[in-house]
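For reference, the chains in residue letters:
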There are 2 protein chains.
Amino acid sequence: MNDSPRRKELTRLAAQLFVQEGFDRTTVRMLAQEMGIKSGSLFHHFRDKQEILAAVIEEGTQNALTLARAALKDSAPDPLSRLHAMARAHLDTLLTDRNAHVVALYEWRRLDDGARDHLTHLRDAYEALWNEVLDDAIAADLVTGDRALVSRFVLGALNWTVRWYDPDGPRDPEQLAHELVVMITRRP
Amino acid sequence: MNDSPRRKELTRLAAQLFVQEGFDRTTVRMLAQEMGIKSGSLFHHFRDKQEILAAVIEEGTQNALTLARAALKDSAPDPLSRLHAMARAHLDTLLTDRNAHVVALYEWRRLDDGARDHLTHLRDAYEALWNEVLDDAIAADLVTGDRALVSRFVLGALNWTVRWYDPDGPRDPEQLAHELVVMITRRP
DNA sequence: GTCTATAACAAGATAGAC
DNA sequence: GTCTATCTTGTTATAGAC
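Residues numbered from 1 in each chain as written. Chains lettered and ligands numbered in written order. Predicted model: local features only at pLDDT ≥ 70, side-chain atom pairs only at ≥ 80, totals over all residues. Heavy atoms only, no water.

**Here we look at the overall build of chain A**
- Along chain A, the regular secondary structure elements total nine helices and zero strands.
- Whereas a compact globule of 188 residues would reach a radius of gyration of roughly 16 Å, chain A reaches 18 Å, a difference of no more than 12%.
- Within chain A, buried positions represent 52% of all 188 residues.
- A fraction of 68% describes how many contacts in chain A between residues 6 or more apart in sequence connect residues 24 or more apart.
- Distance between charge centroids for chain A: 4 Å, based on 24 positive and 29 negative side chains. (Helix = DSSP H or I, 4+ residues; strand = E, 2+ residues; numbered from the N terminus. Rg over C-alpha atoms; globule rule 2.2 N^0.38 Å. Buried < 20%, exposed > 50% of the residue type's maximum accessible area, 1.4 Å probe, protein only. Contact = heavy atoms within 4.5 Å. Lys, Arg positive; Asp, Glu negative; His and termini not counted. Charge placed at Lys NZ, Arg CZ, Asp CG, Glu CD.)

Here is the structure:
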């Protein structure tokens, strides 16, 4: 539909509920209440519930991509620093304000075919960034294994943190990123 | 409820649907159809839909525990072999017949409080097995890092395979287990 | 143990007034 | 842009016959 600031705000609130309850269990009435409007009014901003999901996932993936690019730009150029920067950025989008990127990862398969086609290139761009960094790490003999698999294992380990991470616990995303890097890199 | 062989068979079919569609999107009518009965008849075997989920998850976790114990029993006693055996067993329960264990991992939070309390000890027993094996691997200087985190990262990497694994692809669970172990162990 | 029939309710979505 | 009111459909679960 459109791209108003109001819609942006509603998308943000939807992301929060989708993470808390899951997409399927989040009703349009719950969404409306969280937004302080009635359920009928929601459909002025979004054609249907699917479109809300697509908006959240687009936002989440775009966010992750932007943050990752920024992190690489600020990072030292050596493969270890870049690997750490990527892991840190990924965890920040997942754990810091537990929102749209989590939905992008965990509710991807709830997208209908059209939306999935439209968003796949975004996700691919994000994964391409990871592949680049991991290729360099493997070439530098910092990490061992087949890139295609290493990439999936590493992202799996990071994505799963959503399930157990406690924001009041002893470690912050930065430390988790460090620990993951320690686990998969060969000591110099 | 009871524990008839019929119920066991129905549980197996339910697991399949829960993996394919997700618990929330699987209706009792779909379950009944898959089982070749009408939806009303389902409630002769299970009190409600929740109880089906609990049965599937109990089955899946128990399976994983049994298989892991068997794998450790058959394994060579060195830490590397045991680590590989655990990873292999875990992936077998997740990828080989894509069923109850996947549901246990991915639909755990859909359990109601009572069922969760009842099943937590099973899950803890399974994780205790992992912790033992990882403690040994870390003590042998095979893997580097804090056990609590290593355990979560490794299980995350393994659990996420469900999302991308292609049974017709070039690698089987055994090879994936090998690649994961290669990635996280220090070369001798 | 399974069937038919249906109760009881919750869901997504629409229409038209304001 | 939001409201009220409502339509339509789908959902879990129950009751009683077979």
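**Overview of the interface of chain B and chain A**
- Taken together, the 35 residues of chain B in the interface contact 35 residues of chain A.
- Contact with chain A buries area across many residues of chain B, yet Phe153, Trp160 and Met183 of chain B alone supply 24% of it, more than any other trio.
- One can count four salt bridges joining chain B with chain A.
- Aspartate 24 of chain A is paired through a salt bridge with arginine 25 of chain B; the nearest N and O atoms lie 2.5 Å apart. (Buried area = accessible area lost by both parts, 1.4 Å probe. Salt bridge = Lys/Arg side-chain N within 4 Å of Asp/Glu carboxyl O.)

**What about helix H2 (residues 28–35) of chain A?**
Residues and elements named next belong to chain A.
- Listing the buried residues of H2 in full gives Val28, Leu31, Ala32 and Met35. The buried residues of H2 occupy one face: seen down the axis, they fall within an arc of 95 degrees. Residues of H2 that are exposed and point more than 90 degrees away from the buried face comprise Arg29 and Gln33.
- In this structure, the buried residues of H2 make contact with helix H1 (5–21), helix H3 (39–45) and helix H4 (49–74).
- Positioned one or two residues after H2, glycine 36 has a phi angle of 75 degrees, which is positive. (Arc of directions from axis to C-beta.)

**Quick notes on the protein's contact with DNA strand C**
- By nearness alone, 14 residues border DNA strand C, and Thr27 and Val28 of chain A together with Lys38, Ser41 and His45 of chain B come closest of all.
- Note that a phosphate oxygen of DNA strand C is positioned 3.0 Å from one of the side-chain N or O atoms of arginine 6 of chain B.
- Counting residues per element, the ones that place at least two in the surface near DNA strand C are H2 and H3 of chain A together with helix H3 (39–45) of chain B.
- Top contributing element to the surface near DNA strand C by residue count: H3 of chain B, with three residues.
- The residue inventory of the surface near DNA strand C, partitioned by class, reads three nonpolar, six polar and five charged. (Near = heavy atom within 4 Å. Polar contact = N/O pair within 3.5 Å; in protein donor to acceptor, adjacent residues only side chain to side chain. Nonpolar A, V, L, I, M, F, W, Y, C, P; charged D, E, K, R; others polar.)

**Details of the pattern of salt bridges**
- Following the criterion strictly, the structure yields 27 salt bridges over all chains and no others.
- Notably, a salt bridge pairs glutamate 174 of chain A with arginine 88 of chain A, separated by 2.6 Å at the nearest N-O pair. Here the residue glutamate 174 of chain A occupies a position in helix H9 (residues 173–184), and arginine 88 of chain A occupies one in helix H5 (residues 79–96), the gap between them amounting to 86 residues.
- On the accessibility criterion, glutamate 174 of chain A (30% relative accessible area) is partly exposed.
- Of the charged contacts in the structure, one is a salt bridge between arginine 110 of chain B and aspartate 24 of chain B, with a shortest N-O distance of 3.3 Å. Of this pair, arginine 110 of chain B sits in the loop between helix H6 (100–106) and helix H7 (113–139) while aspartate 24 of chain B sits in the loop between helix H1 (5–21) and helix H2 (28–35); the two residues are 86 residues apart in sequence, bridging distant segments of the chain.
- Taking the relative accessible area as the measure of exposure, arginine 110 of chain B reaches 12% and is therefore buried.
- Through salt bridges with shared partners, a single network forms among Asp24 and Arg110 of chain A together with Arg25 of chain B.

**Brief notes about the UniProt feature "domain: HTH tetR-type" (unreviewed entry) in chain A**
- The positions that UniProt labels "domain: HTH tetR-type" (unreviewed entry) are, in the present scheme, residues 4–64 of chain A.
- The span residues 4–64 of chain A is 79% helix and 0% strand, and its two end C-alpha atoms sit 21 Å from each other. (UniProt positions renumbered as here; feature names shortened; annotations may be inferred.)

**Here we look at the protein's contact with DNA strand D**
- In the vicinity of DNA strand D lie 15 residues, with Lys38, Ser41 and His45 of chain A together with Arg29 and Lys49 of chain B positioned nearest.
- Backbone atoms, meaning sugar and phosphate, make up 58% of the atoms of DNA strand D lying within 4 Å of the protein.
- Note that a phosphate oxygen of DNA strand D is positioned 3.0 Å from one of the backbone N or O atoms of valine 28 of chain B.
- In the environment of DNA strand D, a phosphate oxygen lies 2.9 Å from a nitrogen or oxygen atom belonging to the backbone of lysine 49 of chain B.
- In the surface near DNA strand D, the residues fall into three nonpolar, seven polar and five charged.

**Here's the deal with the packing of H1 of chain B against helix H4 (residues 49–74) of chain B**
Residue and element names in this part refer to chain B.
- The geometry of H1 relative to H4 is characterised by a closest axis approach of 9 Å and an angle of 90 degrees between their N-to-C directions. In terms of orientation, H1 lies roughly perpendicular with respect to H4. Judged by residue contacts, Arg7, Lys8, Thr11, Ala14, Ala15 and Phe18 of H1 engage Glu51, Ile52, Leu53, Ala55, Val56 and Glu59 from H4.
- A class-by-class count of the residues in the contact of H1 with H4 yields seven nonpolar, one polar and four charged. (Axes fitted to C-alpha atoms, helices over the stretch in contact; angles between N-to-C directions. Parallel < 35°, antiparallel > 145°, perpendicular 65-115°, else oblique.)

**Details of the nonpolar core**
- With 132 residues, the main nonpolar core has Phe18 and Trp130 of chain A together with Phe18 and Trp130 of chain B as its most contacted residues.
- Beyond its immediate stretch of four places on either side in the chain, tryptophan 130 of chain A contacts Leu83, Met86, Ala87, His90, Val154, Leu155 and Leu158 of chain A. (Core = buried A, V, L, I, M, F, W, Y, C linked by side-chain atoms within 4.5 Å.)

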